[in-house]
Amino acid sequence: MTTLAEKFGRDDWTRFTLRQRMTRYAVIFGCALAIAWALTSIEVIWAWVWGAPEQIGDLFGRMYPPDPTNLETILKVLWDTVNIATFATTFAVLLSLPVAYIAAQNTTPNRATLWLGRLILVTSRSVNTIIWALLFVAIFGPGVVAGILAIMFRSIGFVGKLLGEAIEEIDKRPVEALEATGASRFKVIAYAIVPQVMPTFWAVSILRWDINLRESTVLGLVGAGGIGIILQGAIDTFNWPEVATILIAIIVLVIIGEVISAFLRRRIL
Amino acid sequence: MLKISDLVKRYGSGDPVLKNLDLTIEGESVVSIIGSSGAGKSTLLRCINRLVEPTSGSINLNGTELTSLRGKNLRAARRKIGMVFQGFNLVDRLTVMENVQSGRLGYISTWAAVTRRYPKEDIRRAFELMERVGIAQYANTRADQLSGGERQRVGVVRALMQDPDILLADEPTASLDPKTSEQIMGLLRDLAGELKLPVLINIHNVTEAKEYTDRIVGMRYGRIIFDDVPAQLDQEAMDQIYAGSPHADRAKDGAAA
Amino acid sequence: MSAPRDTWKKPPFIANPVLRWAVILGALAYFGWVGTTMPIDWNRVAEGIGRAGRIFGGAFPPSFERSGLLIDGFLESLKIAILATAGGVLLSIPIAFMSARNVAPKPIFYLGRAIIIVARSFHPVIVAILFVKAVGFGPFAGVLTLIVYSIGFVAKMLAERIEEIDFGQVEAMRAAGAPYFSTLTYAIFPQIMPRQIGLTIYQLDSNLRASAVVGIVGAGGIGATLANAFGRYDYDFALAITMVIVGVILVSEAVSGLIRKRIQ
């Protein structure tokens with residue numbers, strides 16, 4: 001009668017092999033090390049940290065009750081904010097079409113355009129909307145122009161990247177078939193490629209509009225138009241009840257935006 | 001008339017896939033090409049409309065030399081060559097009418113194409129052909145909602161809308177069940193007669209080849225080794241076309257050279 | 001047989017013509033009216049084109065002279081990201097369980113979802129400003145901000161994953177008489193762990209990007225360095241900082257993608 005050890009090579013069971021265990025410990029140790037390093041070297045006045053809950057509570061106390069006196073102005077500027085987001089998203093989406101076309105490996109005319117397209121997309125995606133806003137406020141001064149441009153420049157990368165990936169993933173067989181009928185490149189794109197990427201195009205555009213709605217609420221904090229300006233004003237004058245009103249208005253706007261966005265995306269697909 | 005002379009297709013530096021091929025298709029015959037996988041059937045067909053670039057040789061369709069064309073001239077020549085695909089190759093999200101009209105893209109203006117304002121004669125012809133093959137009721141239906149056999153019929157109508165001088169079919173029935181497969185083969189044969197059109201069909205079902213076509217061309221590893229009426233395709237010829245391995249063949253070639 | 005039809009129109013996307021025209025006219029009216037009434041100072045815009053030239057001229061070549069400041073700023077951003085991810089992920093786990101329809105009782109479910117909605121609706125910059133006002137300038141405000149930011153994303157995704165688990169495994173454990181925490185450990189955690197780890201890595205990357213931005217309003221990190229440079233018209237330094245930010249984001253994205261692919 002053979003023992004378990006003889007039959008299976010060992011008579012115990014562990015969930016992970018020794019090697020796996022060592023790797024897991026190493027990873028956990030590494031994470032702990034990183035956290036410890038960050039905790040000990042960060043420039044924080046620990047006295048303030050322990051007082052934080054009280055401070056936060058104090059701040060929220062001062063916001064209550066929210067003050068609706070300036071609600072009309074707030075709503076009007078909120079409407080401006082929505083327009084900034086909508087216009088900027090529309091322009092960006094239109095501009096992202098040619099960029100996506102040249103950034104997709106199967107449609108780009110040559111390697112140089114592929115590289116250029118990818119460069120544009122990466123730059124656009126990696127620079128945050130607020131940073132773009134800083135730049136455009138420096139150039140065009142405070143106002144909605146800076147805000148619209150900031151959102152445009154950031155959105156082109158987002159939409160262009162996803163659109164480019166959609167173009168690369170199309171079924172190539174209809175493309176082959178239409179080339180075989182003697183259609184020009186443009187007509188092949190219009191009939192074989194565009195219909196295939198349409199659903200992604202709309203979904204991504206609507207998604208980006210939703211994100212941009214949120215982004216445009218803060219543009220004003222660096223001077224680029226929208227409700228951020230009023231918010232900054234209220235904060236600077238320590239008008240906390242009005243700050244509360246503005247924040248509530250922003251939440252409501254964002255939630256409405258998400259509802260509309262989800263509804264549209266469901267209808268399209 | 002389609003005249004192929006000395007056609008060679010080589011990928012990289014390996015063995016050529018098509019070796020000095022000669023083939024002539026005249027008049028309104030239905031010709032099938034049979035052979036095992038790798039024989040070069042698909043490559044041969046795709047060389048005709050330059051979806052694959054021939055390495056050397058000549059392909060002449062009704063007086064036009066196809067191998068040297070480029071740009072606008074190539075597109076003009078492709079208009080006259082209709083192709084039906086194994087995977088149907090339709091644009092799934094477009095309606096059947098749009099798919100069928102995409103066969104006319106080589107003829108209509110860009111504006112008409114983009115706005116879907118097709119010429120009246122094209123619409124009339126489309127409905128005629130769709131009635132003939134039995135899909136007219138699907139004109140407004142999205143292509144991906146049709147069955148396999150129906151989709152292939154859309155593919156056939158698309159090719160015929162080009163008003164081609166020759167119809168190529170690359171394993172048109174390989175993705176279909178046997179009954180639908182026979183329907184499509186019958187359709188191709190009948191249409192060839194009605195429209196006085198030469199048809200060249202890649203097929204791996206020899207029974208269908210024998211029943212629906214007038215002439216069988218057998219290929220083996222890039223060469224044509226059989227070219228005759230179906231009645232002459234006996235067991236010996238079949239063995240020659242289908243038996244053996246690539247290695248054995250190349251060894252024989254090498255020894256003979 | 002009647003003569004074949006010779007006209008055809010593609011069925012429109014919106015079948016109802018009233019609705020279709022309402023949408024088209026509405027869109028035209030919106031863009032036309034709002035477009036013309038937008039508060040734009042066109043003179044300033046024209047001026048801006050000229051300014052742009054001067055700014056870009058001043059920005060090239062990028063200046064890495066004060067690289068010490070740059071590195072300090074970047075390291076602070078990194079620390080903020082690490083701590084915020086750790087804290088945020090830890091808090092997200094209970095909040096996710098509170099927000100999952102299949103494991104949380106109704107009132108707690110609503111509370112959990114409300115927390116997530118509030119965390120998500122505010123742009124991190126707004127949250128940052130509030131925390132700066134509450135606890136003062138510096139990286140602590142940044143950490144708190146990004147913890148909220150992390151919860152908004154990680155808890156939501158985790159809650160969705162919890163709602164998708166195979167409940168059969170939980171039933172099997174319960175049928176065998178396992179106590180609550182054992183069920184948790186054996187039936188639920190193994191199903192959500194892979195997603196949890198993926199989310200953590202993704203959020204670390206996200207937080208690194210965001211930490212560059214919250215600094216602009218005073219919450220520490222390289223964003224503060226950048227805002228300073230802009231404020232002092234040091235455009236060449238600003239360009240250097242931006243290049244570093246972009247570089248870090250690219251590296252982080254690549255590493256994060258690689259690790260996530262390895263564990264799948």
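Residues numbered from 1 in each chain as written. Chains lettered and ligands numbered in written order. Predicted model: local features only at pLDDT ≥ 70, side-chain atom pairs only at ≥ 80, totals over all residues.

### As for the overall build of chain B
Secondary structure assignment for chain B yields 10 helices and 10 strands. For chain B, whose C-alpha radius of gyration is 19 Å, the value lies close to the compact-globule estimate of 18 Å for 257 residues. Dimensions along the principal axes, computed over C-alpha positions, put chain B at roughly 60 × 40 × 30 Å. Buried positions account for 42% of the 257 residues belonging to chain B. Nonlocal contacts in chain B, meaning residues at least 24 apart in sequence, comprise 67% of its contacts between residues at least 6 apart. (Helix = DSSP H or I, 4+ residues; strand = E, 2+ residues; numbered from the N terminus. Rg over C-alpha atoms; globule rule 2.2 N^0.38 Å. Buried ≥ 20, exposed ≤ 12 C-beta atoms within 10 Å, placed from the backbone. Contact = placed C-beta atoms within 7 Å.)

### A closer look at the overall build of chain C
When you go through chain C residue by residue, the secondary structure sums to 10 helices and zero strands. Written out in order from the N terminus, the α and β elements of chain C read α-α-α-α-α-α-α-α-α-α. Since a compact globule built from 264 residues should have a radius of gyration of about 18 Å, the 26 Å found for chain C marks it as more spread out than a globular shape. In terms of overall dimensions, chain C has a C-alpha envelope of 80 × 75 × 40 Å along the principal axes. Residues classed as buried in chain C amount to 38% of the 264 residues present. Considering only contacts within chain C whose residues lie at least 6 apart along the sequence, 72% involve residues at least 24 apart.

### Focus on the sheet that holds strand S4 (residues 56-61) of chain B
Residue and element names in this part refer to chain B. Spatial ordering of the open sheet is given by S2-S1-S4-S5, a layout of four strands whose pairing is antiparallel. For this open sheet the edge positions go to strand S2 (18-25) and strand S5 (64-65), each flanked by a neighbour on one side alone. Sheet analysis places strand S1 (residues 2-9) next to S2, joined by five bridges and oriented antiparallel. Each bridged residue has a counterpart across the sheet, and for Leu 2 the counterpart in S2 is Ile 25. (Pairing = 2+ DSSP bridges.)

### Structural notes on the interface of chain B and chain C
Put simply, an interface is often sized by how much accessible area is lost when its parts join up. Opposite the 12 residues of chain B that make contact, chain C presents seven residues. At the level of elements, helix H3 (96-101) and helix H5 (120-133) of chain B are the ones that each hand at least two residues to the side of chain B that touches chain C. In terms of residues, the side of chain B that touches chain C owes the most to one element, H5 of chain B, which gives five residues.

### Re the sheet that holds strand S3 (residues 30-34) of chain B
All names here are of chain B. Reading across from one edge, S6-S7-S8-S3-S9-S10 is the order of the six strands in this open sheet, with mixed pairing throughout. In the strand order of this sheet, the two ends are held by strand S6 (81-84) and strand S10 (223-228), each with one partner. Here the strands of the sheet are splayed against their neighbours by 20° on average, with no regard to which way each runs. (Axes fitted to C-alpha atoms, helices over the stretch in contact; angles between N-to-C directions.)

### Regarding the confidence of the model for chain C
In regions of low pLDDT, the predicted coordinates are not meant to be interpreted in detail. With 98% of its residues at a pLDDT of 70 or more, chain C shows a mean pLDDT of 88. Both scores are given for the predicted complex: the pTM is 0.86, the ipTM 0.89. (pLDDT = per-residue confidence, 0-100.)

### Side note on the environment of Tyr 101 of chain A
Its place among the elements puts Tyr 101 of chain A in helix H5 (residues 71-103). Of the residues examined, Tyr 101 of chain A has 19 C-beta atoms within 10 Å and is grouped as partly exposed.

### Regarding unusual backbone geometry
At the junction of Tyr 64 of chain A and Pro 65 of chain A, the peptide bond is cis and its omega measures out at -5° in the coordinates. Checked against the element boundaries, Pro 65 of chain A lands in the loop between helix H4 (52-63) and H5. Cis geometry is found at the peptide bond from Phe 60 of chain C to Pro 61 of chain C, where omega equals -10°. You can see Pro 61 of chain C is positioned in the loop between helix H2 (42-59) and helix H3 (67-98). The residue Phe 238 of chain A is not glycine, and still its phi comes out positive at about 55°. With respect to the helices, strands and loops of the structure, Phe 238 of chain A is situated in the loop between helix H11 (227-236) and helix H12 (240-268). On the basis of neighbour counts, which here come to 10 C-beta atoms within 10 Å, the residue Phe 238 of chain A falls in the exposed class.

### Examining the interface of chain C and chain A
Tallying the contact residues gives 40 residues for chain C and 40 residues for chain A. Secondary-structure elements contributing two or more residues to the side of chain C that touches chain A are H2, H3, helix H5 (124-135), helix H6 (139-163), helix H8 (180-214), helix H9 (222-231) and helix H10 (235-263) of chain C. It is H5 of chain C that contributes the most residues to the side of chain C that touches chain A, seven residues altogether. Tallied by class, the residues present in the side of chain C that touches chain A amount to 28 nonpolar, six polar and six charged. (Nonpolar A, V, L, I, M, F, W, Y, C, P; charged D, E, K, R; others polar.)

### Let's talk about helix H8 (residues 144-168) of chain A
With 25 residues, H8 of chain A extends 36 Å between its outermost C-alpha atoms, agreeing within 8% with the 36 Å of an ideal straight helix rising 1.5 Å per residue. Considering bend angle alone, the principal kink of H8 of chain A is centred on Ser 155 of chain A and spans about 25°. (Expected span 1.5 Å × (residues − 1). Bend = angle between axes of the 7 residues up to and from the residue.)

### Quick look at the packing of helix H7 (residues 129-140) of chain A against H8 of chain A
To characterise two packed helices, one gives the angle between the axes of the helices and the distance between these axes. Residue and element names in this part refer to chain A. Two elements in contact, H7 and H8, have axes separated by 8 Å at closest approach and are oriented at 140°. Here H7 is positioned oblique relative to H8, judged by the angle of their axes. Handedness of the H7/H8 crossing: right-handed. Residues Thr 129, Trp 132, Ala 133, Phe 136, Val 137 and Phe 140 of H7 form the contact with H8, whose participating residues are Val 145, Ala 146, Gly 147, Leu 149, Ala 150, Ile 151, Phe 153 and Arg 154. Looking at the contact of H7 with H8 residue by residue, the classes come out as 11 nonpolar, two polar and one charged. (Parallel < 35°, antiparallel > 145°, perpendicular 65-115°, else oblique. Left-handed = near helix turned anticlockwise from the far one by under 90°.)

### Quick look at H6 of chain C
When the terminal C-alpha atoms of H6 of chain C are compared, their 35 Å separation across 25 residues agrees well with the 36 Å that a helix rising 1.5 Å per residue should span. Along H6 of chain C, the sharpest change in direction is near 25° and occurs at Ile 151 of chain C.

### What to know about the pairing of strand S9 (residues 215-220) of chain B
On a regular strand, each side chain points to the face opposite its neighbour's, so the side chains alternate between the two faces of the sheet. Residue and element names in this part refer to chain B. S9 sits mainly inside the fold: five of its six residues count as buried. Bridge count between S3 and S9: four bridges; the pairing is parallel. Its bridge partner being in S9, Ile 33 is matched across the sheet by Val 217. Where S9 lies against S10, five bridges are found, and the strand directions are antiparallel. What sits directly across from Ile 216, in S10, is Asp 228. Counted between consecutive antiparallel strands, the loop separating S9 from S10 contains two residues, among which Tyr 221 sits at a positive phi close to 45°.

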